[in-house]
Every structure is written in C-alpha cells, then in structure tokens.
2 protein chains.
Amino acid sequence: MTQLPDCLYCRKDQRLSDLMIEVAPLQVSTLYLFKEQTYRGRCVVAYHEHVNELYELPDTELARFMQDVTRAARAMKAAFNPAKINYGAYSDKLPHLHVHLVPKYTDGPSWGTTFTMMPEPKRLHSEDVYAGLIAQIKAALV
Amino acid sequence: MTQLPDCLYCRKDQRLSDLMIEVAPLQVSTLYLFKEQTYRGRCVVAYHEHVNELYELPDTELARFMQDVTRAARAMKAAFNPAKINYGAYSDKLPHLHVHLVPKYTDGPSWGTTFTMMPEPKRLHSEDVYAGLIAQIKAALV
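Everything numeric here is computed off the predicted structure, so don't read it as measured data. (Residues numbered from 1 in each chain as written. Chains lettered and ligands numbered in written order. Predicted model: local features only at pLDDT ≥ 70, side-chain atom pairs only at ≥ 80, totals over all residues. Heavy atoms only, no water.)

(A) Structural context of the relation of the copies chain B and chain A. Between chain B and chain A, the superposition needs a rotation of 180 degrees and an axial shift of 0.0 Å, giving an RMSD of 0.0 Å. Such a combination of turn and shift is consistent with a two-fold rotation axis. A shared binding surface is used by both copies, with 100% of the interface residues of chain B retained as interface residues in chain A. (Least-squares fit on C-alpha atoms with pLDDT ≥ 70 in both. Contact = heavy atoms within 4.5 Å.)

If you want it as structure tokens, here you go:
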C-alpha cells in the first residue's frame, strides 16, 4: 500500500475540514469553500497530486489545472458578483499546489491591496451559511 | 489611431519604469524585474493585452500565459535558488492582468506567510544591482 504524504490535501483529514469544505471535484483538482469568509465566497482550488510548484506541471497538466482555476473563478463571479477576484499561491511550508481564490468588493475588506490570509481565524459561521454559499457556487459552476 | 488605455502596462511609461525593468518579452507577456527587491529576484509577468481577469482569457491563451509564468518561475529558481516561489494576481484597481512572482527563502522575509506588496517602498538599489539580477534571470531563461 502506498503511504500518502503527511499532507492535509492528500489525506483529507480533520486539518483540511477545519479549514475548508469540499464544493466539487474539477478536472485535475478539487474546489473547496474556505471557512474563513471575511471575503465572501472565498475558495481554494487544490491540485489532485502532491506537487509543490506550479512550474513542475507539464504544459498539458498546467493548462488543465488553470482551466479548473478559471472555471471556479467564473462561478464565483456569477454567484457573488465581486468587483475582482484575487489569486494567490504561496505554500512555503505546505508543499502541495493550491490556489486561493479571493473575491474582492469595492466596499469590502482589503479593496485595492492584497488579501489577508487569516483575517479573523476565530470567526464562526453556521453550517447553514456555508451550505448556502456552496449551493450558490455549485449552481454557477458551468 | 487607436488610443491606448491609461494603463502603465499598456503605455509603458514612467509609472512602469518607476516600478520595474523589462527583462525579456515572452510568448504573450513581458517579464519584468520588480525594483523593490526585499525578496531577491522578485519579478512580474504582465499579459500583452489590456485584459483584467484571468478567466477572460480563452483556454489556449490562458495556457500560453501560464507557460510564460512558469517559464519565468523556472528561470528564477535556477538563477536564485529560492526555497519556494509565491504567485499573486490582485490588481483590484489596475485592470491589466499581471502576476507577481516572489522568491521566498527559508531565512528570508515573510517565510511561511504571504509576501508583502511594498515592504520598503523607498528602498534604493543601484542600476548595477538590477543589471546583475537581470543578467542572472536572462541566463537561466530557457
């Protein structure tokens, strides 16, 4: 049996579910709703394999991953109508390729600057709020 | 005569040259060295047309743009050997698609967190330092 790396995206364990909720599988990745919702509709797209750097992907795989990222972004735009979507891939210490997709609103937090990774880490949301956001994204995921 | 948008990436005027220096044209974009060099080797890849959102690009064009981004990242890795490269596309108020490529070092600033857009905006570097960095990237751009 192949041992999975000790990585939350590979093991999909509680470390993952503490941070995000699965919305839908995409071509070569999974779309998650990020639980920290200071930026309404914020999501993560995580690649399906344990690869660290975007530049490690062969061109055809890179194209498919970015199609997943833009498909998710289009759905977020349709669902929540942000003024702009921000994209960030950092993962200095979590070597598994994932992109943060962060909707920005002209009257909302961090407009005109970079988003904050964890603006209010203790913030609580009800399961109903998450379910509602997920339903909106799924309905817009074409 | 077509009027260019009042955009620094389209007009390539002093607003651009205050912030960055051209390294090389790529397939559908231009690679620039960012003058603020707190993160050694930091660059920008700017798309060649005045498009705002990544998801506005048709799939073939998206693939070519991301090939440019990863080609630049590979060159930065080869030139400076950072532990990780961060990627950020924000542009809430500057509607022209560009990606910040920020090398991160385990003993350097912001390791393990998001990079800062303008950590030391007044920082001065000599033209020689910029020329040296550009030469290293160009030599590694395969």
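(B) Summary view of the side chain of A:Asp68. Residues and elements named next belong to chain A. By the secondary structure assignment, Asp 68 is in helix α3 (residues 59–80). For the buried Asp 68, which has no salt bridge, the nearest side chain bearing the opposite charge is Arg 71, at an N-O separation of 5.4 Å. Residues contacting Asp 68, with those up to four places away along its chain left out, are Leu 26, Gln 27, Val 28, Ser 29 and Val 45. (Helix = DSSP H or I, 4+ residues; strand = E, 2+ residues; numbered from the N terminus. Buried < 20%, exposed > 50% of the residue type's maximum accessible area, 1.4 Å probe, protein only. Lys, Arg positive; Asp, Glu negative; His and termini not counted. Salt bridge = Lys/Arg side-chain N within 4 Å of Asp/Glu carboxyl O.)

(C) Representation of the pattern of salt bridges within the structure. Using the criterion set out here, one finds ten salt bridges over all chains in the structure. Between A:Arg64 and A:Glu61 there is a salt bridge; the shortest N-O distance is 3.7 Å. Of this pair, A:Arg64 and A:Glu61 both sit in helix α3, three residues apart, roughly one helical turn. A residue is classified by how much of its surface remains accessible, and A:Arg64, at 36% relative accessible area, is partly exposed. The exposure class of A:Glu61 is buried, given its relative accessible area of 15%. B:Asp13 is the partner of B:Arg15 in a salt bridge, and the nearest nitrogen-oxygen pair spans 2.8 Å. A relative accessible area of 35% means that B:Arg15 is categorised as partly exposed.

(D) Inspection of the sheet that holds strand β5 (residues 98–104) of chain B at higher detail. In spatial order, the strands read β1(A)-β2(A)-β3(A)-β5(A)-β4(A)-β4(B)-β5(B)-β3(B)-β2(B)-β1(B); together these ten strands make up an open sheet with antiparallel pairing. Both outer strands of the open sheet, β1 (20–25) of chain A together with β1 (20–25) of chain B, are each paired with one neighbouring strand and no more. When strand polarity is set aside, the average angle formed by the axes of neighbouring strands in this sheet is 25 degrees. The sheet contact formed by strand β4 (residues 84–89) of chain B and β5(B) spans five bridges and is antiparallel. Within the sheet, the bridge partner assigned to B:Gly88 lies in β5(B) and is B:His100. (Pairing = 2+ DSSP bridges. Axes fitted to C-alpha atoms, helices over the stretch in contact; angles between N-to-C directions.)

(E) Quick look at the interface of chain B and chain A. Taken together, the contacts link 33 residues of chain B with 33 residues of chain A. A buried area of about 3,000 Å², summed over both sides, lies between chain B and chain A, and 59% of it is on carbon and sulfur atoms. When the area that chain B buries against chain A is broken down by residue, the three leading residues are B:Tyr55, B:Tyr90 and B:Asp92, summing to 25%. On inspection of chain B and its partner chain A, the count reaches four salt bridges. As a salt-bridge pair, B:Lys84 and A:Glu53 come within 3.3 Å of each other at their nearest N and O atoms. The biggest single contributor to the side of chain B that touches chain A is helix α3 (residues 59–80) of chain B, with nine residues. Grouping the amino acids of the side of chain B that touches chain A by side-chain chemistry returns 15 nonpolar, ten polar and eight charged. As judged from the three bridges shared by strand β4 (residues 84–89) of chain A and β4(B), these two strands associate in the antiparallel manner. (Buried area = accessible area lost by both parts, 1.4 Å probe. Nonpolar A, V, L, I, M, F, W, Y, C, P; charged D, E, K, R; others polar.)

(F) Quick peek at the confidence of the model for chain A. Of the residues in chain A, 96% have a pLDDT of 70 or more, and the chain-wide mean is 94. If you check the scores for this complex, the pTM reads 0.94 and the ipTM reads 0.93. (pLDDT = per-residue confidence, 0-100.)

(G) Structural context of the packing of aromatic side chains. Residue and element names in this part refer to chain A. One pass over the full model with this rule turns up ten aromatic pairs over all chains. With a centroid separation of 6.4 Å and an interplanar angle of 55 degrees, the aromatic rings of Tyr 9 and Tyr 32 are classed as tilted. Separated by 23 residues along the polypeptide, Tyr 9 in helix α1 (residues 8–11) and Tyr 32 in strand β2 (residues 29–34) bring together distant segments of the chain. Classification of Tyr 9 by relative accessible area gives buried; the value is 7%. (Phe/Tyr/Trp six-rings, centres within 6.5 Å; stacked < 30°, edge-to-face > 60°.)

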